[in-house]
Amino acid sequence: MGRRRILTVSARSVTPCFWRGPELIDFSNVATELRDRELLPDSAESIFLSGSIVRGWGNKTSDLDVAIVSNDHWKSSIDEYEHVPLEPNTLPAEQTFVDGRRWDLEYWTAGQVAQILAKVSAEEFADEQGSWRSLSFHEIALLERLPYAVAADDGAWLHRTQTWLDSSAHRSVLAARSLRNADGCTEDAAGQLAAGDLDSAVLSAQLALQHAVDGLTASLGQVGSLWPKWRARRMRLVRTDVLSYEEFWALTTLRDYTPQEAPAWVERVLGVCRRISMAVTL
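Residues numbered from 1 in each chain as written. Predicted model: local features only at pLDDT ≥ 70, side-chain atom pairs only at ≥ 80, totals over all residues. Heavy atoms only, no water.

S.K.: Mind laying out the overall build of the chain, listing which residues take part and the relevant values?
M.R.: Summing up its helical and strand segments, the chain has 11 helices and nine strands in all. Relative to a compact globule of 282 residues, whose C-alpha radius of gyration would be 19 Å, the chain shows 21 Å and is just as compact. Overall, the C-alpha framework of the chain stretches about 60 × 50 × 35 Å when taken along its three principal axes. Among the 282 residues that make up the chain, the fraction classed as buried is 49%. In the chain, the share of contacts with a sequence separation of at least 24, taken over all contacts with a separation of at least 6, comes to 60%. A total of about 14000 Å² of accessible surface is found on the chain, and carbon and sulfur atoms cover 49% of it. Placing the 29 positive and 39 negative side-chain charges of the chain at their respective mean positions leaves the two points 7 Å apart. (Helix = DSSP H or I, 4+ residues; strand = E, 2+ residues; numbered from the N terminus. Rg over C-alpha atoms; globule rule 2.2 N^0.38 Å. Buried < 20%, exposed > 50% of the residue type's maximum accessible area, 1.4 Å probe, protein only. Contact = heavy atoms within 4.5 Å. Areas by Shrake-Rupley, 256 points an atom, 1.4 Å probe, with all protein chains shown as cover. Lys, Arg positive; Asp, Glu negative; His and termini not counted. Charge placed at Lys NZ, Arg CZ, Asp CG, Glu CD.)

S.K.: Could you give an account of the sheet that holds strand β4 (residues 44-50), naming the residues involved and the relevant values?
M.R.: Taking strand neighbours across the sheet as the criterion, the six strands line up as β6-β7-β8-β5-β4-β9 in an open arrangement whose pairing is mixed. Both outer strands of the open sheet, β6 (80-83) and β9 (150-151), are each paired with one neighbouring strand and no more. Sheet analysis places β4 next to strand β5 (residues 64-70), joined by six bridges and oriented antiparallel. Bridge pairing in β5 places Ala-44 opposite Ser-70. Along the sheet face, helix α5 (residues 137-145) touches β4, β5, β6, β7 (90-98) and β8 (101-109) and points at about 110 degrees away from the line of β8. (Pairing = 2+ DSSP bridges. Axes fitted to C-alpha atoms, helices over the stretch in contact; angles between N-to-C directions.)

S.K.: Go over the pairing of β4 with me, naming the residues and quoting the values.
M.R.: Counted residue by residue, β4 has five buried out of seven residues, so it is predominantly covered. One ladder, built from two bridges, connects β4 with β9; its direction is antiparallel. From the neighbouring strand, Phe-48 faces β9, where its bridge partner is Ala-151.

S.K.: Describe the environment of Leu-64, listing the residues and the values that go with them.
M.R.: Mapped onto the secondary structure, Leu-64 falls in strand β5. Under the relative-accessibility criterion, Leu-64 is labelled buried at 0%. Each C-alpha atom, one on Leu-64 and one on Trp-103, is 4.8 Å from the other, the two residues being 39 residues apart in sequence. Once residues lying within four places of it in the same chain are set aside, the contact partners of Leu-64 are Phe-27, Leu-49, Ser-50, Ile-53, Val-54, Arg-101, Arg-102, Trp-103 and Asp-104.

S.K.: Please set out the layout of surface pockets residue by residue, giving values where relevant.
M.R.: Considering only enclosed or pocket space, the largest pocket measures out at about 640 Å³ in volume. Along its surface, the largest pocket is lined by 35 residues, and Asp-63, Asp-65, Asp-104, Arg-145 and Trp-227 are the ones closest to its centre. Contributing elements (two or more residues each) for the lining of the largest pocket: β4, α2 (52-55), β5, β6, β7, β8 and α5. Its residues assigned to classes, the lining of the largest pocket shows 14 nonpolar, nine polar and 12 charged. (1 Å grid on protein atoms, 1.4 Å probe; cavity = no way out; pocket = protein on both sides within 12 Å on 5 of 7 lines; lining within 4 Å. Points joined across faces, edges and corners; volume = space filled by probe spheres on them. Nonpolar A, V, L, I, M, F, W, Y, C, P; charged D, E, K, R; others polar.)

S.K.: Tell me about the nonpolar core, and name the residues and values.
M.R.: Residues Leu-243, Val-266 and Ile-276 are the most contacted members of the largest nonpolar core, which totals 30 residues. Mapped onto this core, the elements with two or more residues apiece are α7 (170-194), α8 (198-219), α9 (231-238), α10 (245-252) and α11 (262-279). Judged by nonpolar contacts, the second largest core, of 29 residues, contains Phe-48, Leu-86, Ala-151 and Leu-158. (Core = buried A, V, L, I, M, F, W, Y, C linked by side-chain atoms within 4.5 Å.)

S.K.: Can you lay out the state of the cysteines for me, pointing to particular residues and giving the numbers?
M.R.: Inspection of the entire model under this criterion finds zero disulfides. With no disulfide of its own, Cys-185 has Cys-273 as its nearest cysteine by sulfur position, at a separation of 8.7 Å. (Disulfide = S-S within 2.5 Å.)

S.K.: Please set out the side chain of Thr-161 residue by residue, giving values where relevant.
M.R.: Note that Thr-161 resides in helix α6 (residues 156-166). For Thr-161, a relative accessible area of 6% translates into the label buried. Residues in contact with Thr-161, not counting those within four places in the same chain, are Leu-117 and Leu-146.

S.K.: Describe the packing of aromatic side chains, with residues and values.
M.R.: Under the defined criterion, the tally for this structure stands at eight aromatic pairs. Taking the centre distance of 6.2 Å and the plane angle of 10 degrees together, the rings of Tyr-245 and Trp-249 count as stacked. Placement of the pair is Tyr-245 and Trp-249 together in helix α10, with a separation of four residues, close to one helical turn. By relative accessible area, Trp-249 is classed as partly exposed at 35%. (Phe/Tyr/Trp six-rings, centres within 6.5 Å; stacked < 30°, edge-to-face > 60°.)

As structure tokens, then:
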């Protein structure tokens, strides 16, 4: 029996539960578990869940990603902080286990999130020097998780944030970043091919395809460039005429590649990348 997602919705709350085979996993107790472990700030404005489990793609070893947004900067009990180009300039983290499953916790301040959202506004995207061009890894990770996140509280903060994202340049920003990376790899592959460096050209063409596909799926609402292991899942969801899943999978797995026909294969992949770049509307 596969996993199917269940959302029990009331006027004030969203309770996420997931089937894993015959076992029902209930995450409605997230806030209680955090509070009991003294991992929930008094000023918390939002608790939301993301990652493969929330998307219905996880397995028995998958961890649960939990983000806590509060007014105050959290002090990590394990002294784990990541640098972010924001104010404050650190992202605290914690880790705990609940019923044998690891929970990875990130603590954002409301001000930090507001700064990130400002970087993907329509005005910033229209600016050739817009701050969206210098988004860091953790900022992109948050932006890629928010669209499919599920609230573990009353959901008010998350609903406002997701609604704002829908009217922003969020999707265009993430697609543009991937397509820009694809263009760079396409140029690399073309240069390597012209120089007779076929092995390097094949690798660069593969990278170009991966970035181009991430740009394509992001433009269609399926973001996740930082998690390439789920690229096939995202491609199955978008169902676009620009690139069929069958062609994507054949190129990704080098099904038709042979060393003797490497130049033609590279040209084919680069043609697909250019086709995607021309088809995507930002």
